[in-house]
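Residue strings, one per chain:
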Amino acid sequence: MPKRVDHEERRRQIARALWRIAAERGLDGASLRDVATEAGISLGQLQHYFTSKDDMIVFALRHIAQLAEERVRTRIEALPGAPTPWVILRETLAEMLPLDDASRTGHLVQISYFVRAVHDERLRTHAKEGTAALRGFFADQVKAAIARGEVAADRDPVGEATLLIALTEGLSSEVLMETLAPQEAMGLIEAHLARLFSGGQGIPGGPGSPGSPG
């Protein structure tokens, strides 16, 4: 009896092969044939799942985002008590930094992806949608913190969300270039959050309080 193939797992297998190649030499150096070889399957099998390189790249990036969301959720659920806006922001931003080998590989793939997206309308649209969703999520957390009296009422949630993304992306580049240690980058993230939340009545779940993640 022929072995049943888990098609979703096969797609993830292909995505992981793409990551490994892209992390070493960028997406331009990852042909469909190269990815098939890295994944241990034939080119024909790969093309059964992805008819073009762009389809494969979009799936791989969505898979990276899904894994990151799962890691953030696991980190937050492991903490005692109900998660506060500060905790949610801190843990999400930590996941966005290349703090270990797995996240470093993810960042290298994303850099290759964004370089390609600058000149590719379809990929650029996908990147814009992802950034807009992340900005909206961060803005919602800032709004919740304002409602709780943890962030000053005159803060612009969308502006603060944009600054958080820009800060984290900039620090990620510093860590990848090894001009900043991962722990230093995380310390700067926490310092920025402390300033943001200092305009309110405190940081429930922040450093030194019950349920603090760090």
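Residues numbered from 1 in each chain as written. Predicted model: local features only at pLDDT ≥ 70, side-chain atom pairs only at ≥ 80, totals over all residues. Heavy atoms only, no water.

Looking at an unreviewed UniProt entry, one finds the chain named TetR/AcrR family transcriptional regulator, with Streptomyces cuspidosporus as its source organism.

> It is not clear to me how the pattern of salt bridges should be interpreted in this structure. Could you clarify?
When the charged atoms of two side chains with opposite charge come close together, those side chains can pair. Counted according to the given criterion, the structure contains 14 salt bridges. Its salt-bridge partner being Glu9, residue Arg16 comes within 2.7 Å of it at the nearest N-O pair. Of the residues examined, Glu9 reaches a relative accessible area of 29% and is grouped as partly exposed. Ionic pairing is found between Glu38 and Arg20, a salt bridge with its closest N-O pair at 2.7 Å. Of this pair, Glu38 sits in helix H2 (residues 32-39) while Arg20 sits in helix H1 (residues 7-25), and the two are 18 residues apart along the sequence. With relative accessibility at 38%, the residue Arg20 sits in the partly exposed group. One salt-bridge network, held together by shared partners, links Arg71, Arg75, Arg90, Glu91, Glu95 and Glu190. (Salt bridge = Lys/Arg side-chain N within 4 Å of Asp/Glu carboxyl O. Buried < 20%, exposed > 50% of the residue type's maximum accessible area, 1.4 Å probe, protein only. Helix = DSSP H or I, 4+ residues; strand = E, 2+ residues; numbered from the N terminus.)

> Mind showing me how you'd approach the environment of Leu99 here?
Mapped onto the secondary structure, Leu99 falls in the loop between helix H5 (85-96) and helix H6 (101-117). Classification of Leu99 as partly exposed rests on a relative accessible area of 32%. Expressed as a C-alpha distance, the spacing of Leu99 and Gly199, which sit 100 residues apart in the sequence, is 29 Å. Not counting the four nearest positions on each side in its chain, Leu99 is found in contact with Ala94, Pro182 and Met186. (Contact = heavy atoms within 4.5 Å.)

> Explanation requested: the packing of aromatic side chains in the structure shown.
Ring pairs (aromatic) are described by centroid distance and by the angle formed between their planes. Under the defined criterion, the tally for this structure stands at three aromatic pairs. Plain terms: the ring middles of Phe50 and Phe59 are 5.5 Å apart, the flat faces sit at 50 degrees to each other, and that makes the pair tilted. On the basis of relative accessibility, which here comes to 5%, the residue Phe50 falls in the buried class. Classification of Phe59 as buried rests on a relative accessible area of 17%. (Phe/Tyr/Trp six-rings, centres within 6.5 Å; stacked < 30°, edge-to-face > 60°.)

> Would you mind showing me how to read the side chain of Asp120 here?
Tracing the chain through its elements places Asp120 in the loop between H6 and helix H7 (121-147). One buried charged residue, Asp120, forms no salt bridge at all, with the nearest opposite charge on Arg116 at 4.8 Å. A polar contact is formed between the side chain of Asp120 and the backbone nitrogen of Leu123, at a distance of 3.1 Å. (Lys, Arg positive; Asp, Glu negative; His and termini not counted. Polar contact = N/O pair within 3.5 Å; in protein donor to acceptor, adjacent residues only side chain to side chain.)

> Can you help me understand H2 in this one?
For an α-helix, the turn length of 3.6 residues means that residues three or four places apart are oriented alike. Listed as buried for H2 are Leu32, Val35, Ala36 and Ala39. One face of H2 carries all of its buried residues, which in axial projection span an arc of 100 degrees. In H2, those exposed residues whose orientation departs by more than 90 degrees from the buried face are Arg33 and Thr37. Of the surrounding secondary structure, the elements contacted by the buried residues of H2 are H1, helix H3 (43-49) and helix H4 (53-77). Residue Gly40 follows H2 closely and has a positive phi angle near 75 degrees. (Arc of directions from axis to C-beta.)

> Can you help me understand the nonpolar core in this one?
One broad trend across soluble globular proteins is that nonpolar side chains are buried collectively. Ile14, Leu18, Val35, Leu46, Met56, Ile57 and Tyr113 are the most contacted members of the largest nonpolar core, which has 29 residues in total. Those elements that provide at least two residues to this core are H1, H2, H3, H4, H6 and H7. Setting aside anything within four residues of it in sequence, one finds Ile14 in contact with Val35, Ala39, Ile41, Leu46, Tyr49, Phe50 and Met56. Counting 25 residues, the second largest nonpolar core, distinct from the first, contains Ala139, Leu164, Leu180 and Ile189. (Core = buried A, V, L, I, M, F, W, Y, C linked by side-chain atoms within 4.5 Å.)

> Just checking my understanding: could you explain helix H8 (residues 157-176) for this structure?
Compared with an ideal rise of 1.5 Å per residue, which puts 20 residues at 28 Å, H8 spans 29 Å between its outermost C-alpha atoms and is within 8% of the ideal. Looking only at H8, the buried set comprises Pro157, Glu160, Ala161, Leu164, Ile165, Thr168, Leu171, Ser172, Val175 and Leu176. Burial along H8 is one-sided: seen end-on, the buried residues are contained in an arc of 140 degrees. Those residues of H8 that are buried lie in contact with H5, H6, H7 and helix H9 (182-197). Looking one or two residues beyond H8, the residue adopting positive phi is Glu178, at roughly 60 degrees. (Expected span 1.5 Å × (residues − 1).)

> Would you explain the UniProt feature "DNA-binding region" (unreviewed entry) in the chain in this entry?
According to UniProt, the feature "DNA-binding region" (unreviewed entry) maps to residues 31-50 in the numbering used here. As annotated, residues 31-50 has a helix share of 75% and a strand share of 0%, and its two end C-alpha atoms lie 12 Å apart. (UniProt positions renumbered as here; feature names shortened; annotations may be inferred.)

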